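Close look at the chain arrangement
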Amino acid sequence: MMVGQALRDQQRELTVFRNRLLLSGLLIVVAFVILLARFSWLQVVQRSYYHTLAEQNRISVVPVVPNRGLILDRNGTVLAANYSAYTLEVTPSKVPSMERAIDELATVIDVTARDRRRFKKLQEESKNFESLPIRTRLTEEEVARFAVNRYRFPGFEIKARPFRSYPRGEVASHAIGYIGRINEADVKRIDSQGLATNYKGTDHIGKLGIEGAYEKELHGVTGSEQVEIDAGGRAIRALSRSEPISGNNLVLTLDLELQKVAEEAFQEFRGALVAIDPKTGEILALVSKPGFDPNLFVDGIDPQNWDALNNSPDKPLNNRALRGQYPPGSTIKPFMGLAGLEYKKRTPEYAISDPGFFSLPGVPHRYRDHKKDGHGSVNLHKAIVVSCDTYFYGLATELGIDSIHRYLTQFGFGQPTGIDIEGETQGLAPSQEWKQRRFKQKWYAGDTVSIGIGQGYLLTTPLQLAAATATLANNGRVVHPRLLKALQNAQTLETREIQSQEGEVVAIKPEHLALIKAAMVDVTRPGGTAVRAGQGAPYTVAAKTGTAQVIGMKQGESYNEKKIKEEHRDHALFIAFAPADDPKLAMAILVENGGHGGSTAAPIAREVFDFYLLKKKPVVKQPLVVEDEQSD
Amino acid sequence: MISRVFEILSRRIDGPLMAALALTIALGLTVVYSASGGSSVDRAVGQARNLGVALIALWIFAHIHPQLLMRLALPVYVAGLGLLIGVALFGDVRNGARRWLNLGFTAIQPSEIMKIGVPLVLAWYFHRREEGLRLRDFVIAAVILVIPVGLIARQPDLGTALLIFASGFFVIFLAGLSWKVIGSLAAAGAVSLPFLWSAMHDYQRKRILTLIDPMEDPLGAGYHIIQSTIAIGSGGILGKGWLNGTQAQLDFVPERATDFILAVFGEEFGLVGNVVLIVLYMLIIARGMMIAANASTVFARLTAGAITLTFFTYAFVNMGMVSGILPVVGVPLPMISYGGTALLSILVGFGILMSISTHKQLVSS
């Protein structure tokens, strides 16, 4: 009984076991069928989708940044170059505590306080996931030292990349400009111009001057490389490559040696000088003093240098040649004289008797001449040579503001010259309509009087003044100043000259032109206001001095340069071209607080002419002094 | 002479099972080589050494008579339990979990012992209670099972705990646990799911959420599963070829030599390779079931059945996890993944199966 029971139980147990095993087997088959269905779904149906994802995983398209074009002067001297160096870059988002990481880094390689400040500023201006340079120009030894300690610095990476350098430092800095890291505004501009693809991998862009204006030529076309990468993002091998096209080299119209002579001629003075070849409009020298070192800006300027540049009373970042707007003073007189002749308000022979002042009919106010007792009998020639104010007060009054406006506009006053770098201001050649628009006031006869001697509402930039002088030297064919002489292909070195823009012509009777030019030549001869510009020169210089008031003088008050604070002294102005009969160089000079043009600006002009026409370098430097004498 | 040696070596070896195992193992070695970057043989050699040890263990266990094994079941279980308690009290913490016990000369994971110990002791228990199993017996079996599982789950090592629970459950299920109880347990399990959820560790919850939507955290928790499905899917029908899987060779597949080796295999050998692997697994399982069905004692039957079903569970859980239909738990792909311990415990299991297969005549006579 017990045994039978046990056997039955055993039999039952075995049946249950086998049934359950069978059931398990069925479930296992179902499970494997599910797996096979899953594999079929992934590997057959979805295969191309996953294939794409796998390819995207492994293939990365890396931009290959083109070499930026060089900037050369007209003789091939390098003004902006590239060189390759190591930088240590860091991606802030990958570093939990930047302060601590930099402290630790400082134990491995040099990190100066200046590096830190510069980096901090850069970090504030950039996005967190951007790779930012903390140290540039690492030595081989520093690279090696960092490489050994690399594991301690996640997020830090050594990169070899091209640097921009400006080997001449401050020289011509306002013309060359600089490049800087691409900021948000740049990104927006790049996007709006549809250039985003071409700027992949590029982290610098031209900001100012030639670097800014010719960014497109300098940058080149970005190439690309398809690289196989592993999960860590490391490149394993290149799959294909399309070469970048280097940016074009720019050959500037500037003559570096002339530029240096001109800059040095300013000595300690602030100011601007623009020297133009009147036949072509090529700018041979463009000076704005003081300048700045563009190298400071390339990888983000540190706050200390930035403050120094930005807050200096000398305003070194201000491009005075293009942006500074000054009353032209007496340098306007040759143009005013031409207007008088052309509009038949004056004949060459007509002379006034100068009592030392001018008054409008029925008004007691006296417009004073700079010479208290007057110049005696003054015709147009003499009026220019001795810079007689009384003559031009009367002439301007007779011409009337709208005629003056019309005439000066032909020479480019009151409008941008169209120079090929950004930032020029347009000056002001006032008219009745302008005053109505600007001040909602009618033009008074009194407003016209001082226009005659380049004061009042009249404003001009040194560049404009230089262009107008060049136009005059060019016998009325308008000169369009420019800085780019030629584009050079960086590979083939094939050069393409930029054609001069054919200027419109200001119709001037030859005898009128001859009279004005002769008067301007006499300005630089004994009896003229700028004897120093022409004395003893083997060539003839045509010139005109000018003074722009910084503070107004009360009626009856006399101006004494020695008694006034330096920054309240008048600005000295000077226009000139030489040789007078076949002008090769025309220029305008502004010396801030330089007194009158004859004393400070004329010697600068002379040095520049001597160097350009005679290849003569100034040997002994006479210090520029503001003279007391009232010659202008 | 040679045939004599062969006969001695193969006396306790089940031919069909050994053949299927050998094919699978050979496949595994080629994939391990590929998953180690294909440039160094170090790993493949290391795995071959592991394999040598595991094969010797298989051979030894194939010679241990099931009767002896049954007598060893309880001591092994008790020792394992003692070591688990030791781990809970004195264990080393590695990677945030207390799983290792330092014995002075070597460190061991006692949970590995329980992978064999739990099914053996349960089979032994049911064998002893052969005459008329009552509900009480199943309750006791459940207690025997739950104590080590609970200890392992607390380490925490949820994956191993679940697998050991499964192996024990298979014994209880095959022993004839009534469907009513199974049904009510399942219902109770469903009801307690929310409690289970709240008792889980954050990383465990994340794994389950990741399964539902891996793109939620593509670089974090979802990264493994996204990259492994990309690898498998991009392999297509024929695969990219041995050593040519881009996902695998360029390191996009994490844990590519161990838990995620199926992604390497699926990428390089495609759907065809996966079918071959599944067929091999099914042959092994089918042979294991035949051995279980023909075993002569309750202990042998239950042990063989549980070992076979547990083997299936390993294979299915790993394949399901790598192909993205099951949550990520740390289960290697049996006989393919790199690693000595897992290979050892699996081949020990098959050694026991072979012992059962070749000793049955002696028992019945």
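Residues numbered from 1 in each chain as written. Chains lettered and ligands numbered in written order. Predicted model: local features only at pLDDT ≥ 70, side-chain atom pairs only at ≥ 80, totals over all residues.

Moving on to the overall build of chain A. The helix and strand tally for chain A stands at 22 helices and 21 strands. Put simply, chain A has 632 residues, and 44% of those count as buried. Pairs at least 24 residues apart make up 75% of the contacts formed inside chain A by residues separated by at least 6 positions. (Helix = DSSP H or I, 4+ residues; strand = E, 2+ residues; numbered from the N terminus. Buried ≥ 20, exposed ≤ 12 C-beta atoms within 10 Å, placed from the backbone. Contact = placed C-beta atoms within 7 Å.)

Moving on, we get to the overall build of chain B. Secondary structure summary: chain B contains 14 helices and three strands in total. In chain B, buried positions account for 49% of the 365 residues. A separation threshold of at least 6 residues defines the contact pool for chain B, and within that pool the share at least 24 residues apart is 70%.

The next thing to look at is helix H16 (residues 401–410) of chain A. In an α-helix, one turn spans 3.6 residues; hence positions three or four apart end up facing the same way. All names here are of chain A. Along H16, the residues classified as buried are Ile 401, Ile 404, His 405, Tyr 407, Leu 408 and Gln 410. Next to the buried residues of H16 lie helix H13 (333–342), helix H15 (389–399), helix H17 (432–439) and helix H18 (445–451). With its phi angle positive at about 95°, Gly 412 sits one or two positions after the end of H16.

Below, the discussion takes up the sheet that holds strand S11 (residues 271–276) of chain A. Residue and element names in this part refer to chain A. Within the open sheet, the five strands sit side by side as S12-S11-S21-S20-S19. Their pairing is antiparallel. Across the chains shown, the open sheet's two edge strands, defined by having one partner strand only, are strand S12 (283–289) and strand S19 (542–548). Across this sheet, the average inter-strand angle for adjacent strands is 5°, counted without regard to direction. Packing of helix H10 (residues 256–265) onto the sheet brings it into contact with S11 and S12, and relative to S12 it is tilted by some 30°. Its contacts with the sheet place helix H22 (residues 597–614) against S11, S12, S19, strand S20 (571–578) and strand S21 (585–591), and it is angled at close to 30° to S20. (Pairing = 2+ DSSP bridges. Axes fitted to C-alpha atoms, helices over the stretch in contact; angles between N-to-C directions.)

Here the focus is the interface of chain A and chain B. Residue-level contacts link 34 residues of chain A with 38 residues of chain B. For the side of chain A that touches chain B, the secondary-structure elements that each account for two or more residues are helix H1 (2–45) and helix H2 (47–58) of chain A. The greatest single-element share of the side of chain A that touches chain B, amounting to 21 residues, is contributed by H1 of chain A. Residues belonging to the side of chain A that touches chain B are distributed by class as follows: 18 nonpolar, eight polar and eight charged. (Nonpolar A, V, L, I, M, F, W, Y, C, P; charged D, E, K, R; others polar.)

A word on the packing of helix H5 (residues 110–128) of chain B against helix H7 (residues 158–175) of chain B. All names here are of chain B. Where H5 contacts H7, the axes come no closer than 9 Å and their chain directions differ by 15°. Put simply, H5 runs roughly parallel to H7. Seen along the crossing, H5 lies across H7 with a hand that is right-handed. Judged by residue contacts, Ser 111, Met 114, Lys 115, Val 118, Pro 119, Leu 122, Ala 123 and Phe 126 of H5 engage Thr 160, Ile 164, Ser 167, Gly 168, Val 171, Ile 172 and Ala 175 from H7. (Parallel < 35°, antiparallel > 145°, perpendicular 65-115°, else oblique. Left-handed = near helix turned anticlockwise from the far one by under 90°.)

In terms of nonpolar packing, the biggest core is built from 121 residues, with Val 274, Ala 275, Met 587, Ala 605 and Val 608 of chain A touching the most fellow members. Shared between two domains, this core holds at least three residues of each, these being domain 1 (61–252) and domain 2 (257–290 + 323–552 + 570–614) of chain A. Excluding its chain neighbours within four sequence positions, the residues that come into contact with Val 608 of chain A are Leu 258, Val 261, Ala 262, Ala 265, Ala 275, Ala 285 and Met 587 of chain A. If you look at the next biggest cluster of nonpolar residues, it comprises 120 residues, including Leu 58, Ala 73, Phe 299 and Ile 352 of chain B. (Core = buried A, V, L, I, M, F, W, Y, C linked by C-beta atoms within 7 Å. Domains from an automatic or database assignment.)

Moving on, we get to the environment of Ala 272 of chain A. Residues and elements named next belong to chain A. Tracing the sequence through the fold places Ala 272 in strand S11. Residue class for Ala 272 comes out buried when judged on the 28 C-beta atoms lying within 10 Å of it. Sequence separation between Ala 272 and Glu 592 is 320 residues; the distance between their C-alpha atoms is 8.3 Å.

This part is about the pairing of strand S3 (residues 78–90) of chain A. All names here are of chain A. Bridge analysis of strand S2 (residues 71–72) against S3 gives two bridges, and the strand direction is antiparallel. Bridging across to S3, Leu 72 finds its partner in Val 78. Where S2 folds back onto S3 in an antiparallel hairpin, the turn is made up of five residues, including Gly 76, whose phi is positive at roughly 90°. By the bridge criterion, ten bridges tie S3 to strand S5 (residues 156–165) in an arrangement that is antiparallel.

Residues and elements named next belong to chain A. The strand order across the open sheet formed by three strands is S1-S8-S9, and the pairing between neighbours is antiparallel. Two strands lie at the open edges of the sheet, namely strand S1 (59–64) and strand S9 (235–242), each paired on one side alone. The sheet shows a mean angle of 30° between the axes of neighbouring strands, direction not considered.

All names here are of chain B. When pLDDT is averaged along chain B, the result is 88; 95% of the residues meet or exceed 70. Looking across chain B, the model is least confident in strand S3 (residues 107–108), with a mean pLDDT of 74, and most confident in helix H12 (residues 261–294), with 96. In the model output, the complex is listed with pTM 0.70 alongside ipTM 0.93. (pLDDT = per-residue confidence, 0-100.)

This brings us to the environment of Gly 340 of chain A. All names here are of chain A. As for its placement among the helices and strands, Gly 340 is situated in helix H13. The class of Gly 340 is buried, set by 28 C-beta atoms lying within 10 Å. Sequence-distant contacts of Gly 340, that is, excluding residues within four places in its chain, are made with Lys 345, Arg 346, Leu 380, Leu 395 and Leu 399.

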